[in-house]
Amino acid sequence: MTSFSPASIFPAAINHLLAQEAWARAKLMPHAGKVAVLDGGVLAARLKVTADGMLEAAAADDAATVTIRVQLADLPVIMQNRERAFSFVKIEGDADFANTISQLSQGLRWEAEDDLSKFVGDIAANRMMGGARSALNTAKALHQSVTENVAEYFLEENPMLIRPQAVTEFTADVTRLRDDVARLSKRIEKLKGSNQ
């Protein structure tokens, strides 16, 4: 019985994607032997590029060629906008290798429907993925609707929040009032001076 550790699951998942994309393996081949460390603070993955453009778990004593540090709090934003993922991370080491990793992170896509079709067939996989996409879209729409309703409630019915425009108008009114009081104060001083 084979046991899986986190150190072997991560490279296996990426290798599954790489096996389907010859262009991605070709980009990694020149970096054979290099080690990338993906450091999430709590968890770190150490990956070594093999001669065939695939990945394997790197040994703890293998020196990192590039280290990519990411805050766990940034992961949801990174997953939503993969094109800008590398603007949320800190990179140390080989810039060319880091650039290759960036290109792969943007270009590699998991085709879940293809993998699912191997188990349930093309038609069933298509329907299952269509249902999953529909459920996801419904969940997003529901989230948007609930967010808008809660915001409206706290803005209109039980005012605990203030619209930015109202704050701007209030600030302008306070500034106008301060200037009017300053002018009035100067007039009063002037009138006092002319009466004496």
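What comes next is a walk through the structure. Bear in mind that the values here come from a model prediction, so they are computed numbers and not experimental data.

1. What to know about the overall build of the chain
Along the chain, the regular secondary structure elements total seven helices and five strands. From first element to last, N terminus to C terminus, the chain shows the α and β order α-α-β-β-β-β-α-β-α-α-α-α. Of the contacts made within the chain by residues no fewer than 6 positions apart, 51% connect residues no fewer than 24 positions apart. Carbon and sulfur atoms provide 60% of the accessible area of the chain, an area that totals close to 14200 Å².

2. Structural notes on the sheet that holds strand β4 (residues 66-70)
In spatial order, the strands read β3-β2-β1-β4-β5; together these five strands make up an open sheet with mixed pairing. Single-partner strands in this sheet number two, and they are β3 (55-57) and β5 (89-93). The sheet shows a mean angle of 25° between the axes of neighbouring strands, direction not considered. Direction of pairing for strand β1 (residues 35-39) relative to strand β2 (residues 44-49): antiparallel, over a ladder of five bridges. Its bridge partner being in β2, Leu38 is matched across the sheet by Ala45. Across the sheet, helix α4 (residues 95-107) touches β1, β2, β4 and β5, and the angle it forms with β4 is around 50°.

3. Quick notes on the pairing of β2
Judged by which residues are buried, β2 turns out to be one-sided: Ala45, Leu47 and Val49 face inward and are buried, whereas Ala44, Arg46 and Lys48, on the alternate face, are not. Taking the residues that link successive antiparallel strands as the turn, the β1-β2 hairpin has four residues, and the phi of Gly41 there is positive, at about 85°. Across three bridges, the pairing between β2 and β3 is antiparallel. Residue Val49 lies in a different strand from β3, and its bridge partner there is Leu55. Between the antiparallel neighbours β2 and β3 lie five residues, among them Gly53 with a positive phi of about 85°.

4. With respect to the nonpolar core
In this structure, Leu18, Leu28, Leu55, Val66, Phe97, Ile101 and Leu108 are the most contacted members of the largest nonpolar core, which totals 19 residues. When contributions to this core are tallied by element, the ones reaching two or more residues are α1 (6-19), α2 (22-28), β2, β4 and α4. Looking at this core, the element that brings in the most residues is α4, giving four residues. Those residues within four positions of Phe97 in sequence are excluded, and the remaining contacts are Leu28, His31, Lys34, Val35, Ala36, Val49, Thr65 and Val66.

5. Quick notes on the pattern of salt bridges
By the definition in use, this model includes seven salt bridges. In this structure, the salt-bridge partner of Lys34 is Asp94, at a minimum N-O distance of 2.8 Å. Within this pair, whereas Lys34 is found in the loop between α2 and β1, its partner Asp94 is found in the loop between β5 and α4, the two being separated by 60 residues in sequence. Among the residues examined, Asp94 registers a relative accessible area of 22% and is labelled partly exposed.

6. Topic: the side chain of Thr100
Assignment of secondary structure puts Thr100 in helix α4. Taking the relative accessible area as the measure of exposure, Thr100 reaches 7% and is therefore buried. The contact partners of Thr100, leaving out residues within four places of it in the chain, are Lys27, Leu28 and His31.

7. Looking at a nonpolar patch on the surface
Together, Val42, Leu43, Leu72 and Leu75 give the surface a local cluster of nonpolar side chains, amounting to about 410 Å² of exposed area. Its place among the elements puts Leu75 in helix α3 (residues 75-80).

8. Some words on α4
Along its 13 residues, α4 runs 18 Å from first to last C-alpha, staying within 8% of the 18 Å computed at 1.5 Å per residue. The secondary structure elements touched by the buried residues of α4 are α2, β1, β2, β4 and β5. For α4, the N-terminal capping position is held by Asp94, with its side-chain oxygen 3.0 Å away from the main-chain nitrogen of Asp96.

9. Focus: the environment of Val42
Note that Val42 resides in the loop between β1 and β2. Placed 30 residues apart in sequence, Val42 and Leu72 show a C-alpha to C-alpha distance of 8.4 Å.

Analysis parameters
- Residues numbered from 1 in each chain as written.
- Predicted model: local features only at pLDDT ≥ 70, side-chain atom pairs only at ≥ 80, totals over all residues.
- Heavy atoms only, no water.
- Helix = DSSP H or I, 4+ residues; strand = E, 2+ residues; numbered from the N terminus.
- Contact = heavy atoms within 4.5 Å.
- Areas by Shrake-Rupley, 256 points an atom, 1.4 Å probe, with all protein chains shown as cover.
- Pairing = 2+ DSSP bridges.
- Axes fitted to C-alpha atoms, helices over the stretch in contact; angles between N-to-C directions.
- Buried < 20%, exposed > 50% of the residue type's maximum accessible area, 1.4 Å probe, protein only.
- Core = buried A, V, L, I, M, F, W, Y, C linked by side-chain atoms within 4.5 Å.
- Salt bridge = Lys/Arg side-chain N within 4 Å of Asp/Glu carboxyl O.
- Patch = residues over 30% accessible without salt bridge, like charges linked within 9 Å, V, L, I, M, F, W, Y side chains within 5 Å.
- Expected span 1.5 Å × (residues − 1).
- Polar contact = N/O pair within 3.5 Å; in protein donor to acceptor, adjacent residues only side chain to side chain.

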